[in-house]
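As a plain string of letters, each chain reads:
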Amino acid sequence: MKRDKINKVYGKKPVKTAGKNVKTKSNMPVLLKNSFILTKAMHRTYSKATFRIFHKKWSRMVLLLAFILLTAGILVTFGLHLIIPGILLLVAGLYCVGMSRFGYLFGSWREYRNFQEYFGPLVEMEVEFLPKYFRIKTEKGYREFLYSQIVRRIELTNMSILIVGADGMIVHGQVIDKKAFEPIELNKYYDILEEAGVLIS
């Protein structure tokens, strides 16, 4: 994630936006808070879970390229008996297969480095849950999204991921650290999302 994209999500100074033509009420009570430090391992888990969501077209194109290269490699090696060119094509095809499956590792490393450059060595976040929307707060600012903007909810062992969409596009993915909740708070978190109609998908 480049610096300009980070700015769009978190802002250089406190801003309050919840999507196009959306108004939120600042006097709404905060029902629950989730404060945590986004670690490199957490971001890698997030990247793995969302890789095919954010990079679906790219992944398909790379898989198609891998199929073409592997097919060509087999034909060149066993059909034309050109060993070296065939091996090079097969290696390139296998590399593309690996990138389509594990490409998130490089992306995760690059994005987390950008986060650290922007926020500092410790990437601290706080997510506040209100009756109609949730608020993402950092030292750089904050942003708000309606629960109705959540297009996908992913539940992992120690993490939830809320995928936010607007105007038919994915605009943000937010990590929720389950370990930062007390057991009663975790149940309340589930209740808030279910009451808002945000189901696991």
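Scroll up to find the structure.
Let me begin by describing the structure that accompanies this report.

If you trace the 3 strands from one edge of the open sheet to the other, you get 5-6-7, paired in antiparallel fashion. For this open sheet the edge positions go to strand 5 (150-155) and strand 7 (169-177), each flanked by a neighbour on one side alone. Ignoring which end each strand starts from, the neighbouring axes of this sheet average 15° apart. Where strand 6 (residues 159-166) lies against strand 7, 8 bridges are found, and the strand directions are antiparallel. When the sheet's bridge partners are listed, Ser160 is paired in strand 7 with Ile176.

Per the stated rule, a full pass over the model turns up 8 salt bridges. Linking Arg135 and Glu144 is a salt bridge whose minimum nitrogen-to-oxygen distance equals 2.7 Å. Looking at Arg135, the relative accessible area reads 12%, which means it is buried. For Arg153, the salt bridge is made with Glu155, and the minimal N-O distance between the two is 2.7 Å. In this structure, a network of salt bridges that share partners links the residues Lys33, Glu126, Glu128, Arg135, Lys137 and Glu144.

What follows is about the sheet that holds strand 4 (residues 141-146). As summarised here, the arrangement of the 4 strands in space is 1-2-3-4, forming an open sheet in which the pairing is antiparallel. Single-partner strands in this sheet number two, and they are strand 1 (32-37) and strand 4. Averaged over neighbouring strand pairs, the angle between their axes works out to 15° when direction is ignored. Here strand 2 (residues 124-129) pairs with strand 3 (residues 133-138) via 4 bridges, running antiparallel. For Val127, the partnering residue across the bridge sits in strand 3 and is Ile136. The strands that helix 6 (residues 183-195) touches are strand 1 and strand 2; relative to strand 1, the one it contacts most, it runs at about 115°.

Definitions and cut-offs
- Each chain has its residues counted from 1, following the order in which its sequence is written.
- Reporting in this predicted model follows two pLDDT cut-offs: at least 70 for local features of residues, and 80 or more for side-chain atom pairs to be given and counted; totals over whole chains, interfaces and linings ignore these cut-offs and use all residues.
- Computation of side-chain values: all heavy atoms of the structure, hydrogens and water removed.
- DSSP-based pairing: two strands are paired if at least 2 bridges between them are found.
- Strands here mean DSSP runs of E at least two residues long; helices mean DSSP runs of H or I at least four residues long; both are numbered from the N terminus.
- The convention used is that axes are lines fitted to C-alpha atoms, helices contributing only their stretch in contact, and that angles between N-to-C directions extend from 0 to 180 degrees.
- Salt bridges are identified by distance alone: a Lys or Arg side-chain nitrogen within 4 Å of an Asp or Glu carboxyl oxygen.
- Relative accessible area decides the class of each residue, using a 1.4 Å probe on protein chains only: under 20% of the type maximum gives buried, over 50% gives exposed, and in between gives partly exposed.
- Contact criterion: two residues are considered in contact whenever any of their non-hydrogen atoms come within 4.5 Å of each other.

That is the geometry; function is a separate question.
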